[in-house]
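# Residue-level structure breakdown
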Amino acid sequence: AQTVTQSQPEMSVQEAETVTLSCTYDTSESDYYLFWYKQPPSRQMILVIRQEAYKQQNATENRFSVNFQKAAKSFSLKISDSQLGDAAMYFCAYRRTTLGNEKLTFGTGTRLTIIP
Amino acid sequence: DTAVSQTPKYLVTQMGNDKSIKCEQNLGHDTMYWYKQDSKKFLKIMFSYNNKELIINETVPNRFSPKSPDKAHLNLHINSLELGDSAVYFCASSQVNGWETQYFGPGTRLLVL
């Protein structure tokens, strides 16, 4: 079974600085998808960024980028120029490509605090 | 123009009661999901439906029964509620075509007293 591990329960960063959230996963599949979701205090789950395993190029969305290391099964999220609105729980998630099994397997989350 | 909506947002009830949570999506997606987020914020899949057909059923007690009247709706009925059922329940939807993102509803916070 696939597992996703987020080893940092809590992180904090000064406003405008850069922070990296770690995620590792375990799978025997060669193709899969990886996601980072954000959950602010409002509770809404919001997609931050996604990556296809067969793509070597790291995904980027504005201030958010990932460092995808397939051999190491690592998928870290970098947030540049941190803003107060970035404060939230961040979840790393894995999804197989197999049709009929599109469930997301989540890590335990990292709570990110932004220090003004 | 809410994409995925859930009702109610909050549900407080007594042990032993039966309750339902409704979910609707207006994205035209063909697959819908129920996830449970426990008190430690851990999210786990419960069910998945594709075009009204159950395709994922994780190890969930029989007291939980999903129902999909059409592909835009997926409801969750819970019988004989227990204290351990207290959690936030999220509905999500996606289009099964490649790696379509799952879009989540706002969640329903269930508190069983």
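Refer to the preceding data block for the structure.
Now for a quick tour of the structure.

Parameters at a glance
- Residues numbered from 1 in each chain as written.
- Chains lettered and ligands numbered in written order.
- Predicted model: local features only at pLDDT ≥ 70, side-chain atom pairs only at ≥ 80, totals over all residues.
- Heavy atoms only, no water.
- Pairing = 2+ DSSP bridges.
- Helix = DSSP H or I, 4+ residues; strand = E, 2+ residues; numbered from the N terminus.
- Axes fitted to C-alpha atoms, helices over the stretch in contact; angles between N-to-C directions.
- Core = buried A, V, L, I, M, F, W, Y, C linked by side-chain atoms within 4.5 Å.
- Buried < 20%, exposed > 50% of the residue type's maximum accessible area, 1.4 Å probe, protein only.
- Contact = heavy atoms within 4.5 Å.
- Buried area = accessible area lost by both parts, 1.4 Å probe.
- Salt bridge = Lys/Arg side-chain N within 4 Å of Asp/Glu carboxyl O.
- Polar contact = N/O pair within 3.5 Å; in protein donor to acceptor, adjacent residues only side chain to side chain.

### Remarks on the sheet that holds strand β7 (residues 64-70) of chain B
Residue and element names in this part refer to chain B. As summarised here, the arrangement of the four strands in space is β1-β3-β8-β7, forming an open sheet in which the pairing is antiparallel. Both edges of this open sheet fall to β1 (4-7) and β7, since each of them pairs with a single strand only. Taken over all neighbouring pairs, the strand axes of this sheet differ in orientation by 20° on average, direction set aside. One ladder, built from four bridges, connects β1 with strand β3 (residues 19-25); its direction is antiparallel. Paired with S5 across the strands is E24, a residue of β3.

### Quick look at the nonpolar core
Y25, W36, F75, L77 and Y90 of chain A are the most contacted members of the largest nonpolar core, which has 25 residues in total. If you list the elements that add at least two residues to this core, you get β3 (19-21), β5 (32-39), β6 (46-52), β8 (64-69), β9 (74-79), β10 (88-96) and β12 (110-115) of chain A. In terms of residue count, β10 of chain A provides more of this core than any other element does, four residues in total. In contact with L77 of chain A, other than residues within four places in its own chain, are V19, T20, L21, W36, V48, I49, F64, S65, V66 and Y90 of chain A. Grouped together as the second largest cluster of nonpolar side chains are 20 residues, M46, F64, I78 and A87 of chain B included.

### Concerning the interface of chain B and chain A
Taken together, the contact between chain B and chain A spans 26 residues of the former and 24 residues of the latter. Between chain B and chain A lies a buried interface of about 2,200 Å² when both sides are counted; carbon and sulfur atoms form 56% of it. At the boundary of chain B with chain A, the tally comes to one salt bridge. Between E58 of chain B and K103 of chain A there is a salt bridge, and its shortest N-O distance comes to 3.3 Å. Here chain B is connected to chain A by 10 residue pairs in polar contact (both at pLDDT 80 or more). Contributing elements (two or more residues each) for the side of chain B that touches chain A: β4 (31-37), β5 (43-50), β6 (53-57), β9 (87-94) and β11 (108-112) of chain B.

### As for the environment of A93 of chain A
Residue and element names in this part refer to chain A. Position of A93 among the secondary structure elements: in strand β10. According to the relative accessible area criterion, A93 is buried, its value standing at 0%. Linking A93 and G107, residues 14 residues apart in sequence, is a C-alpha distance of 6.2 Å. Here A93 is in contact with Y33, L34, F35, L104, T105 and F106, once residues within four sequence places are set aside.

Purely geometric stuff here, so don't read any function into it on its own.
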